[in-house]
Every structure is written in structure tokens, then in C-alpha cells.
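Single-letter residue listing:
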Amino acid sequence: MKGVSPFQRRIPLASLAAASPGRVGEPWGRFGEMEKAVATLGEGAACCDWNYCGQRIAVGYADGGISVHDSPEPGSSSSFTRSSKWRAHESGIKNVIWVPPEYGDAIACVCVDGKMSLWEEVAEDSQTPTWKLCKTFESNAQVLDLQFGVSLTSLKLKSSSNIPIIPKANTTFASKVAAYSDGSVKVHELLDPLALNKWQLQAEFQNVTDSVSRFGRPSCISASIAWSPRTSESQLLRFVLGFNTDLPQFNSSKIWEFDEVHQRWLPVAELALPGDKGDRVHAVAWAPNIGRPYELIAVATCKGIAIWHLGLTPDFDGRLSTEKVALLSGHDHEVWQLEWDMSGMTLASTGADGMVRIWQSNLNGVWHEQAILDCNATQRNSKQT
Amino acid sequence: MAAAGDLMVHRFPQGKAVDAVRWLPPVSAFDRFVVAAAHDADAGVSAVEILSVALFQENEEPNKPSLLPRASWPSTSRISSLTSAKALTKPLPIALSTFAGSLHYLFVDPLEGSVESELSVAADARSFHRGPISALDLQVDGRACVSVGEDGRVNLVSLGETGLENRRVHDSRGLVSYTAVRWGSPAEFATGGLGFGIQWWDQRKPGGFVSQFKGNWTQGSTSGIVHSIDIHPSRKHICIAGGSSGTVFAWDLRWQKQPIILSGIGFKEQAQTSSEKDGMLTVLEQGYSLLFGVGDDSHAYATERFLDNILRIRP
Amino acid sequence: MPGRPSDPGDSLVPFSAEVHDPVVHPVRHGLRPPLFRVFVSWSRGNLLHVACLCQRAPAGTGVGEDGDDAARGGVGGKVVEVKLGGGGDGGISEAERRRIAYGSVPAFAMLQSRRNSLMAASRMQFSSLRAEWWQHILEYSNHIGDLLGTQKPPPKPVIGDPKMVVEPLEEPTELKAAWHLMQIFYADNESRAWLPESLVDWLEDYDGLLSMTESTIHSKLVALQKKLVDLQVIEDDPDYWQGLASALAVGWLDIVVKLLRLHGSYQPDQLDDREIENGLVEAVAVLVSTMPRLRPNLPTGKLGQCYKTKPDFVKAREKWQSHISKLDCSAFWIQCGHQQTCEGLRNLLRIMLGQFDSLHASSCHWMELYVSHFLYVQPFTAGLEGMHTLAQKCMQQKPAGSYTALTRILVGILGENTEARECDGLWVPFLLSLMVVHSIELLTADSKQADALLHEERYNLGGISIEELHRLVYAQVLSSHPLTWQIAPTYLASCQRQGLGLLEILLYKQPIRHYTMLLKDLEICRLYELENISLNVMKIAGVYHWKHGRKGFGVYWLQQAHDEVRLSRIAQQLFEHIGKSISDDSFKQWEGLIELLGSEVGSAGGLEFLHKYRDFKRSLQKVQEGRSIDAARKSTETLVQLMKSPSTPQRFWLPLLYDSVKLLNWRDRPLLTVSETNLLLNKLQELSMARLRPDFADTDLLPEALSSVRLALATNLGRAILEEC
């Protein structure tokens, strides 16, 4: 072997940096034909949600209707067509949420009057599938937000029959957490994985770390919930919850974890610096963790979008370490939604400024705004003539 | 590959998904047509394409065959199955089914490779199939076509005086789903489905299948779905079925309980079908001398292989 | 502290203080602002769905001021799919990109497995394996290079048009050019000794790509060629001499000689009076064609004399240069009558002697100037530092007006220029990502430092190395398209830390409504031993089909998923039919389902009972059809067995008996013996006792059921006693 070659010391760092994830968006200088319209929604559309694989869109309408749009062909990015539409409620629909796919094609919808219902697509024998009402949840307080979680826990299913069929332990298991306008949080468990009408209240608590003091009834405007995305290893039931209320103790985002031993929910971390605890929370999103040594959570408050690292291992009193790694400002107004991509490397946010902002971290771990999709732009190819 | 000596693989990148590929009966020895079901995922457009294959070309180095488009017929839905009549007639019928649940007959000029006319059965959940049709097969003369679906229906579509006539042979009402079908004789056909199951049907004996093979021998480790069936041209009692993970087995109507596993997972010999491609479809041509395989990696490739030895196992 | 967090100390890439403004892209949704809401969702890979919902016309106002509603046509919103990092295709179609992506998989996989096997063997005899590794790297590099562009066709027979000096380029692509350059620098261990000559060859192949807007030597020669056809007195045209000088500057000796031979003095009718001139032209042509070159060999048709070792080369070069100097000082120039020829030829000599002004004037692009330096000024590399400084110098001499993607890569490789990093970007992201992922192998092939830099695990990146990061990013790009997602696993599998995590998510999120897609998904799960995911996916498929009327498919997938909870729920649903009169059709359906469930579900007796009950029900139906006493007897037997069996749940005792009232009241003769009737009566008694307990689950039979059963049993008992007497 010859001696050290002069080339050994250099690599084209520049060309590497060109493709760092922080640079994925860089080539956007040239957008070209990178977008296409895939679905047209009916008048009065007020909210929408995509199912787990993005092939179905459920849309809620201001008149209480719901429609479902499907992309029926396999392996095609062809457009979505409306497969059904029905009237679900008297009042307008404020939020629709897909149920995890292990429980069928079903959606929960939350109305402006605070009612909540669960709908499921079923087909008997050879009939065409139709959407049927499974259950309506009644409550005195309005439902503000609702999210479903699936976890691998030992199922404590009480069989109502005396037929000795014993369910195998360690099966997936659905929970539903809902936040209400009176500041309370309710966790429901699904009793029967094939019947979406059998739910049982598992817990009810308030989003405060101090469980002793009594608080007045806050008036809540909105709440944001995000379950920790499933992983094959983690067996823990965890979610993050933040409120937008007039009572500061309720507002800050807290991580709740189910304590198997004592069968109760405990706050294990709070995602707010001491001075910011009263900040109203507009949106939260928990990033999928594909193997990072920390969890990544985005929290939007009036001050901006904070990116938090959450430790994986609890300290002696069961709390998880937190670190705020970035505060991203961009949306001058309220943030509507935060959405992590499949790897948890890119965050998309929407806000009242009508922009979709794309955030990424560069090789040095610095978070920055990568691109903006402006939805306010007056249209060139508008339908109007 | 093991027998690299007598195997020539020619790749023809197509740029779109090729869902199925079939030979058309040859008119001349050198110029042949294949019919392919193509799906352009970018544009969301599906089509039947007729391509001419020239395996030997003048003025070119010997092993540079070409595959050139001849005609194209647009389909409104993605094509789930495609087959052509095996006997050379003019015009030549080609049948195809779609994910939307419709069935189409195309009549092709076997010399020009052009589509002359078409007939179709529209998607109808009540009278035809509900949901996608998973497989179909044409009679040798192309006058009758049997189609099966995940909905558990078996339908027979035949060329009548006025157009296509459609008749329900069986409806399992979702209890069984079929994924493959093949004619054995003008009256008999075989269907395949889950758990490597095969059913043998005889139109002269109504009221369901006449024999059935339930092959759940690989429960758990593979998905066990039959992708394609072929029936020996002269020994009608032998079916060869190809399924998930490269499983190939022979089923003999005379020894219904004892299938012969030719390859597959859990079987010592390595699977011939590359499991990476999960043999979306492997289709045999008459004479078993040319095998056209389709992977969903948007490539079509032709390989030459003799399967006679497989069929000689049980004389 | 709102705004940007500070730069962590361990910056990997110097973080420039000035921050790019993010690119703003208008979403063309065709709706009239203002919008009510915007929702987003990540679809496949990097695809983002953006749903824009319109502001609703205020209630009560009816039609908007300017016919808003009519214009909107009842549209309340649009969903737009945005491809992030997509768009500009750089002239390369989607299908072409996919071809390259697919083609590079086997090479990548092969290299990975070779690396692994070499790693396993490396402890013992590392050095001997190095050569082998270099061989693999080169093979890999050649394979990828071939994919990136069509291969150059074999040289055509040289007959043809004598005026054909420049051959048309065979669709070279920027990608291929860039890859080739990387190969020269990083992959081809052999060619390093001949690096300057490799660059000369490279430039010859790709010069035309250096700039699209400004002229290059290639474009100049192409223009000259067009002109040649009409030109009568070629040597009078300054472009001819300019072209000659340029071609010589970058070492395209064959073109130079070919052009020289077109000189008018060669024409037979003029030989007499232009002897000297012709002699000079020929002398230069000979000098050009005998130029010593430090390289192992030359392709056919190329000129020059090869020297493999430095001392030989130096000697030959000195000799050659002395020839040039001699010719330069010769007296023949004075005797030459043609002014332009004299000047042109002497310019060529100056180029060969390496005079900067001539080189500078003859080259267009800095890369050309750079290469001419190696040919005529400094034939040995003075280490990479030297090459680097030289590149900088050339860039200053010939500043480029615009950057093409290729020049950016050039700058990246030749000059480590931070600016280059800032103005990168117009590259096709898909292919860029592909290039980066595949080139890391080249970069780390022989550099410990690069190896460390690219493989060190970093907390900032979530505990992964730069190499892994690039693979993850590329896999995500691949998974954005339904035709390429299935090759992403190959790259993810090569990621040690997070590859499988992403692969799990990718597989879980695949649409599986069609079984062909499901099979693909499961097959990949099986290949990478992701049993958890495949069980989950089968469960989703099972529930989907079960709920959508394809019970067979549903049960099948749930069985494959070993989902005993759901299967036992299904079995429970079947129990609900017990005791109810059911139509023929639904009985068949019910029977079929029991058949489907098989006997494996639930180790306990639930299904065993169902199977027995099915038999009972079947024989009961036969009784109903005809009046055969045998069928009735058989049914009675089954009934007694069922009632005796401990696996029969208590709550079905009454329905069973109620079903068989007809048997108990059999007209011809009693079917039950006394002891059998007593058994049934005891069961009935037990049931009545059980009803008093609070946890008793009552069936929803009519109240008269119990009394009618009791009556029938009593009647039967009476008749049986009479018969047995």
C-alpha cells in the first residue's frame, strides 16, 4: 500500500450538505408541477381527517353532514371521489377523527353543540357498504377534542357471557381520550374489539399537576390531545394534553401516563418553562419515534411553536426529563394544526395566517423554517371567468 | 440463477406499472404480440397495450430483442386481470377485468395488433361482481369467460348473438374469496383462493364445486393465497397452482388429499419465483416454453424455461 | 427567546449567520379567499395533502355580493397534494428516475453484503482484502455510473466525413458526469496516479455540459464544424485557429490534428508554392500527436505517447518541449507566406509550452482552464491542496456567470467552498438524494476521516450517523411513490439504528384494501422478520374484510394474525343465533362461518359446542323437511349428547329444548327414554334454580317457551313410561 493519499483528507462536504435533510426543501426554488388537486369538497365543509394510510378522507360539514372521499384504485395517486354522504347531526360538525384501522373503518365526530358520535362503515353479506351509527356519547360539558390510542397492554376484558372463551393477553387495545369544556378529561376503553358501541369509562381527571387543590370551573375554548405514536417496543399508554382556557393551571401541556400498578393516570412531565405555564395551548403533536434516544413533541402556544425533547427513562420519582430545543415563530396568528411526517424529521404547521409552514432541523440540530405553502394566494386559474 | 446457461433475461423498462402480460397466439414465428395491462401511477391512467416482440432482429447483435408499442386501449379503472384466447381466430378475443368490477372483451386483429371492437359488462354490485374482480379466464376459442372475485362470486360471461351474456354460477356471499381461475375443459374449471385452496367446478353439475382441496399446510408463515392455476393440457386431472412466497404445488384430482409441493417456503428446495417479487403473477404459455413474469417493479421480463419436468412427476 | 435557537457548539457544518428565507410557494387550489381553515396530512413519504376550506357565505345573506355562490358552484374546499422536495425534474422524467432508482438497488445491496462479509474477515488480513474492496467499489461505481446515462456507443468506423471533427455527444447527463467525476476522485484507486489525465478524459466526455448559457470549447467546436462545410479557405478564418487552440488547450489532440490536416496547404494543387507552410503545419501536427502523456494507455484513435512512470515521462516531456522550442525559434517562420497560419501555429506552440496567456485565451470555462494547466503547465498533482488552490485560481480567472447543477458539484468536489453550499439546490431532489446515498460508499472507501465523519453517531440527528440520515431521507423519498416504496426497505435495512423503525411505519401505513397490495406488504414483513407489523397488518385486513361483507377473507386474515380476541368475538356472535328460528339462507351463512372458524379458535369448548349444535340443527332441519323417524331419532340423540356435555353453556339449555319441542311431541312414539327425559327435566330444574342467581344471563325467549318445554317433557315422560312398561 502506498502512503497516505492526499485525497484522504477531503470529502466534498459541500455536496453532502446539499442533500442534508435540512436541504430537502432547498430545491424548492423550482416548484414546477409539484402539486395537484386530488379532491373537491362540498359546500360548508368545516373539518376533515385522513385515515391511517391517507387513502380515505372524512369531511364534516357545518350543516351536520359527513362525507367520505376515497381513492379506490390500488397504488395510484389518482384523485379522491366521494363514496358516501349523510346527515349525522342537527348541528354543525366541528371535528372528525378516524378510529384506528384495527377497529374497522369508523369515524368519531364532534359537533359544535358538544355532542359526539361514532360511525362505522359496514356491509352485510353482499350488500354495498353503508355508514351506520354505533354510539352517541352524551355529556353535560362540550367535547373539545378527542383522540384514539392503541396500545399493547394486557386486556382486562370482562366477558359478559359465561362461555369460557378466554381472550389472549397482550393484544392491541383501543382507548379514547376526550377533553371537555369544563376542563375535565375522560378516558374510555373499548370493551369489544369488533363492536364499537361498547365503551367503558376508565378514568376522569383534570389537566393539572397538583391533584390536591381544587380549581374552579374554567371556561375552555379548545383543547389539544396527542397520543404517543405506537412503537413495537413501548407498551406504555401516554398522551400529551394542553388547554386553551382562562385558568392558567389547566393550560400547559402535560404528559399523562397510565400507571398499571395503581390503575390511574399520572402526569409525568410538563412541557412549559416556568414563565410560560399559563400560555394557552393551540395545538400539540407527538412525533413518531423511529429510534431516537428521546421523544419529540411540538407544542404551539401564543408565543410560537416549541419543539421539546422528552427523555425516555423516568427519574426516581417517575418523571421524564424535558428540554425545549427550539421556539419557532412564523405564524403571527393562532396555530391550527401541527403534523409530523412519518419519520418525525419534518413538521408541518397551519395557522390563521393561511400558511402551511414546513420545519426541519439541520445537521447541527438547529430547527428552521424550510418552506412555506401560501394558501391565500389569489388564484390565476380560478374558475371565475 | 442456477441454470444461467439456458436462461436469457431481457429487461424492457416500461416506466409504469405492468399489472399483467399475456402472449397473443402467434401468426408468424418471428414477430409476436404481447398484450399488457399498464397503469401509469403518475397520471392515474390505465390501459391495455398491445406490444410487438421481436426476439431476433436483423442488422443487430443477436440478443437484442425489442418490445414496441402497437396499440393502446384506455381503461377507466385499473386492470386486475387480463387473458387472451389461445386459439388463433380473427378477430382474436382478449378479456380483461377491472378493480371497479367491470369486464371487457376486446377484439384484436392478430396480424396488425390493433383493437377492432369491444364489448363490456358494466360494474354492477347486484348482477355481476361487488368490488374488484380478481381473476378471469377465457375458453380456448374465447367464446366464454369465467370470472371470480373477492366477493365470492363466480360468473360466466359468454359471447351471445346480441352481445355479452352474463350468468351467475355461484355466490358464496363472502364466505369464500377467489383469487384465481382457469378452464380445464369446455365444461370444467378450477378456482383458487385462500389457504392454498383449490376448487374444481363442473358446469354440468350445478350447485357448487365438485371437489375441493384445502391446503392449510403452511399456516402462519405465509399468506397462502393462490395467484395462478394451470391445468395440464392433456392430463386434465393435474392442476398446478402458484401462490404466495413462491409456493408452487401440483394437485391431482385422483389423489386429492396429497398435493405435491414443488417449491415454496418451508420446502427445502429454494423457490424459483424470487420471493422478493412475491410472484404477483406467473403465467404459462402454451407449450410451457416461454414464461412471462410480471413483478410490480414496473419491469416486464421474459425468461425461457421448461416446466415439463415438473409435469412429468406423475405420469 | 423567540426566534432561532443558538448554534450548538459542535457544529458539523459551519452554520452561516445569515439565514435563508424559506421559499414561498402559492398553493393553487382555485378557491376564493379568505379561507376558513387549512388542514394538512402527510400522505406517502414526502407527499403532503393540504385541504383548504372556504369561508362560508354568512347565513341569511343568500347569494354573495358578486354572485359568489354561483362562481363557487357549491364547492366548499379543495384537497391539494403537494410533493415536497419534488417538482423540477431537470429534464429527467419520473419514469427515468424510477429506472435509475430500481437499477441502483442490486448494486447497493451487493456492496452492502460484500462489505459485511469483508468486515467479518477483516480482523485477520485486512490489507490483503483492501485490493478486493477497491475492486468492489469500482464495480459498484461503474454500475451506478452506467445507470445514470446511456453508455457511449463503440466508436464508429473512422471513414465517414473528413470534416466531421466533433462527434455528437450521446445524451450525456449531468448526473453521469458528476458521478464519473466522483468516481475519478474517490472510487478508482488505480486511476489516482493518473488523475490529471483522468480529468482530461472526463472533460472530453462532458465539456458540453459545463454551461448551458455560455460557450464552452465543445460548443465552439460544434459551431466551427457547421462553418467548415461552407468555408473555402479555411486558414483565413480566425475561428479555425481559435478552435484549434481551444481543442489543443484541453488536450483533444485527435481533433487538433484532424483540423490541421484540413489546412489549405495540404491541397495537392497548392503544394508547390506552399511547401514551407505545409511543412510547418505538419511539424506542429507531429508534435501534437507525439505529446508525452502520463497515463497507462490511450483509447484507440487518441493521440499522444504514453509513459507509465514519472521519470520516463519527465525525460520524454523535456525532449518534446525542446523540440517545440526549437521549432519556435526556427527560421522557417519567416519564410512562411501566410500570416494567419504563422500566428495560429505559433499560438499552438505557446499553448504546448504552457504559456498562461494563450491557455487563458483559448479556454472558456474555468474547468477548461484548469485542465489545460494539468496538461501543459503542471502535469503532476501537488497534492489535493495544490489542486484546490489551482481550482480557486482558475475560478477567479474565469468567473462563471451562472451555475449549473454540475458546476455546483464540481465546486463541491474541487474547491471546498462554503459558498457552493449556499447556492446549491436546483438539483433534482430525488436524484440528488439517490446520488448522495450511493456516493457515500465512494467517499468512505479510502478515507478514515471521512469514514469517521460520516459514521459517527450524533445526538443532534437523533443518535444516528450522517450516512444513516441520508439513507433514511432517501428511503422516504422512495416511499413517496406507489411504484418505488417497495425498494425503500433495502436502504432502510442497511440503517443500523432507525431503519427498522421507519420500515415498520412504512409497512403499517400501506393501503391494504386489495389483497395484492397486502401480500406485498406481508412479504416484506416476512423478509425483514417484522412479525409484529405483519400481525397488525393482517389484523387490519381481517377487520376490514369482516366488516365489509367478505367474512371468509376476514376470518382468514384474523386467523393468520392469531387474533384470538376477535375470533372469539366472532364465535360469540354466532351463539346469538342459537335458539332463534333462522331462514335457510342465513342458516347456510351461519353454517359456513362455523366451518370457516374451524375448531382451533379458543382452546376451550365454545366452538366444539357450536359444531355439535350445528349438527343438531342440521338434523332438525331434516326432520322438518320430511318426517323420517331416523332423522328424528338422530336429532334426539344429538340433543341428549348436547345436554349432557359440560361444554354446553347453561344459557343455551332452554333454547335447545325449545328447538326440540317438536321432537319431544313426536306423534308416532316417544323418542326419549325415561332416563333421558329425566336428565332433561333435571337440567330444566337446575336452570330454574340458576335463574334466581343475580349473574344469570337470560335468553330472550318467550315466557311460554319454558312452560311449553316443561309440558312437552312431561308428556314425553308419560308416554315413555307407558312404552317401557
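Note that the structure is predicted; figures quoted are calculated from it, not measured. (Residues numbered from 1 in each chain as written. Chains lettered and ligands numbered in written order. Predicted model: local features only at pLDDT ≥ 70, side-chain atom pairs only at ≥ 80, totals over all residues. Heavy atoms only, no water.)

## Considerations on the overall build of chain A
Scanning chain A from N- to C-terminus turns up two helices and 25 strands. The 385 residues of chain A split such that 66% are buried. Pairs at least 24 residues apart make up 47% of the contacts formed inside chain A by residues separated by at least 6 positions. Accessible surface computed for chain A: about 14,400 Å², of which carbon and sulfur atoms make up 50%. (Helix = DSSP H or I, 4+ residues; strand = E, 2+ residues; numbered from the N terminus. Buried < 20%, exposed > 50% of the residue type's maximum accessible area, 1.4 Å probe, protein only. Contact = heavy atoms within 4.5 Å. Areas by Shrake-Rupley, 256 points an atom, 1.4 Å probe, with all protein chains shown as cover.)

## Topic: the overall build of chain B
A count of helical and extended segments in chain B gives one helix and 24 strands. The 315 residues of chain B split such that 58% are buried. The long-range share in chain B, meaning contacts at least 24 apart out of those at least 6 apart in sequence, stands at 45%. Accessible area of chain B: about 13,300 Å², with a carbon and sulfur share of 53%.

## Re the sheet that holds strand β23 (residues 346-351) of chain A
With respect to topology, five strands assemble into an open sheet ordered β22(A)-β23(A)-β24(A)-β25(A)-β1(C), the strand pairing being mixed. Each end of this open sheet is capped by a strand with a single partner; those strands are β22 (335-340) of chain A together with β1 (23-26) of chain C. For this sheet the average axis-to-axis angle between neighbouring strands, irrespective of direction, equals 25°. Bridging between strand β25 (residues 367-374) of chain A and β1(C) involves four bridges; their strand directions are parallel. The residue bridging Ala371(A) from the neighbouring strand is Val23(C), located in β1(C). (Pairing = 2+ DSSP bridges. Axes fitted to C-alpha atoms, helices over the stretch in contact; angles between N-to-C directions.)

## Thoughts on the pattern of salt bridges
Counted under the stated rule, the structure contains 40 salt bridges over all chains. Taking the shortest distance from any N to any O, the salt bridge between Asp192(A) and Arg569(C) comes out at 2.6 Å. Separated into two different chains, Asp192(A) in strand β12 (residues 184-192) and Arg569(C) in helix α26 (residues 564-575) make up a pair that spans both. Arg569(C) matches Asp192(A) in its accessibility class, with the two residues each being buried. A salt bridge links Arg526(C) to Glu523(C); its shortest N-O distance comes to 2.6 Å. On the criterion of helical spacing, the pair formed by Arg526(C) and Glu523(C) is a turn pair, its members being three residues apart in helix α23 (residues 515-527). (Salt bridge = Lys/Arg side-chain N within 4 Å of Asp/Glu carboxyl O.)

## So, the packing of aromatic side chains
What the rule picks out here adds up to 30 aromatic pairs over all chains. Relative to Tyr206(C), the ring of Trp202(C) has its centre 5.5 Å away and its plane inclined at 45°; by these criteria the two rings are tilted. Of the two residues, Trp202(C) and Tyr206(C) are both situated in helix α5 (residues 195-206); the distance of four residues between them amounts to about one turn of the helix. For the pair Trp202(C) and Tyr206(C), a shared accessibility class is recorded, and that class is buried. Members of the aromatic cluster, joined through ring pairs, are Phe205(A), Trp227(A), Phe239(A), Trp256(A), Phe258(A) and Trp265(A). The ring of Phe137(A) has Lys135(A) sitting right over it, with the charged end atom 5.4 Å from the ring centre. Looking at Arg566(C), its charged tip hangs above the ring of Tyr103(A), at a distance of 5.0 Å from the centre. (Phe/Tyr/Trp six-rings, centres within 6.5 Å; stacked < 30°, edge-to-face > 60°. Lys NZ or Arg CZ within 6 Å of the ring centre and 35° of its normal.)

## Observations regarding the nonpolar core
In globular proteins that are soluble, nonpolar side chains generally tend to be buried together. Residue and element names in this part refer to chain C. Counting 133 residues, the largest nonpolar core has Met352, Tyr370, Tyr376 and Trp557 as its most contacted members. With nine residues, helix α4 (residues 174-187) is the single largest residue contributor to this core. Taken domain by domain, this core gets at least three of its residues from each of domain 2 (217-363) and domain 3 (429-518). The next biggest cluster of nonpolar side chains, apart from the first, holds 46 residues, and it includes Phe587, Ala632, Val661 and Leu687. (Core = buried A, V, L, I, M, F, W, Y, C linked by side-chain atoms within 4.5 Å. Domains from an automatic or database assignment.)

## What about the sheet that holds strand β8 (residues 116-122) of chain A?
All names here are of chain A. The sheet built from four strands is open, its strands ordered β6-β7-β8-β9 with antiparallel pairing. Each edge of the open sheet is held by one strand with a lone partner, namely β6 (93-98) and β9 (130-137). Each strand axis lies, on average, 25° off the axis of its neighbour in the sheet, ignoring direction. Pairing analysis gives five bridges linking strand β7 (residues 106-111) to β8, with the strands arranged antiparallel. Residue pairing for β8: cysteine 109 is matched across the bridge by serine 117.

## Details of the packing of helix α24 (residues 531-547) of chain C against helix α25 (residues 551-560) of chain C
Residue and element names in this part refer to chain C. Relative to each other, α24 and α25 sit at 160°, their axes nearing to 7 Å. It follows that α24 is roughly antiparallel to α25 by the angle criterion. In this structure, α24 crosses over α25, and the sense of that crossing is left-handed. Mapping the contact onto sequence places Leu535, Met538, Lys539, Ala541, Gly542, Val543, His545 and Trp546 in α24 and Lys551, Phe553, Gly554, Val555, Trp557, Leu558 and Gln560 in α25. (Parallel < 35°, antiparallel > 145°, perpendicular 65-115°, else oblique. Left-handed = near helix turned anticlockwise from the far one by under 90°.)

## Regarding the pairing of strand β15 (residues 188-193) of chain B
Residues and elements named next belong to chain B. Buried residues dominate β15, accounting for six of its six residues. Covered by surrounding structure in β15 are Glu188, Ala190 and Gly192 together with Phe189, Thr191 and Gly193, the residues of both alternating faces. In the sheet, strand β14 (residues 178-183) pairs with β15 via five bridges, with the strands oriented antiparallel. If you follow arginine 182 over to β15, its bridge partner there is alanine 190. Hairpin geometry of β14 and β15 is characterised by an intervening segment of four residues between the two adjacent antiparallel strands. The antiparallel hairpin formed by β15 and strand β16 (residues 198-202) contains four residues in its connecting segment, where glycine 195 sits at a positive phi of about 60°.

## Remarks on the packing of helix α6 (residues 217-228) of chain C against helix α7 (residues 238-249) of chain C
Residues and elements named next belong to chain C. Two elements in contact, α6 and α7, have axes whose closest approach is 10 Å; the angle formed by their N-to-C orientations is 145°. For the pair α6 and α7, the sense of crossing is left-handed. Residue-level inspection shows Ile217, Lys220, Leu221, Leu224 and Lys227 of α6 in contact with α7, the latter providing Asp239, Tyr240, Gln242, Gly243, Ser246 and Ala247. For the contact of α6 with α7, the residue count by class is five nonpolar, three polar and three charged. (Nonpolar A, V, L, I, M, F, W, Y, C, P; charged D, E, K, R; others polar.)

## Topic: the environment of Val157(B)
Residues and elements named next belong to chain B. Relative to the elements of secondary structure, valine 157 occurs in strand β12 (residues 153-159). Residue valine 157 is classed as buried on the basis of its relative accessible area of 0%. If we skip the residues at most four places from it in the chain, valine 157 touches Leu103, Tyr105, Val121, Phe128, Arg143, Ala144, Cys145, Leu164, Glu165 and Asn166.

## Section: the confidence of the model for chain A
It should be kept in mind that the predicted coordinates are not to be read in detail where pLDDT is low. Residues and elements named next belong to chain A. When pLDDT is averaged along chain A, the result is 79; 79% of the residues meet or exceed 70. Confidence over residues 1-33 falls short of pLDDT 50; this stretch has 99 contacts with residues more than four positions distant or in other chains. This stretch, residues 379-385, has a pLDDT under 50; its non-local contacts, to residues over four places away or in other chains, come to 13 contacts. (pLDDT = per-residue confidence, 0-100.)

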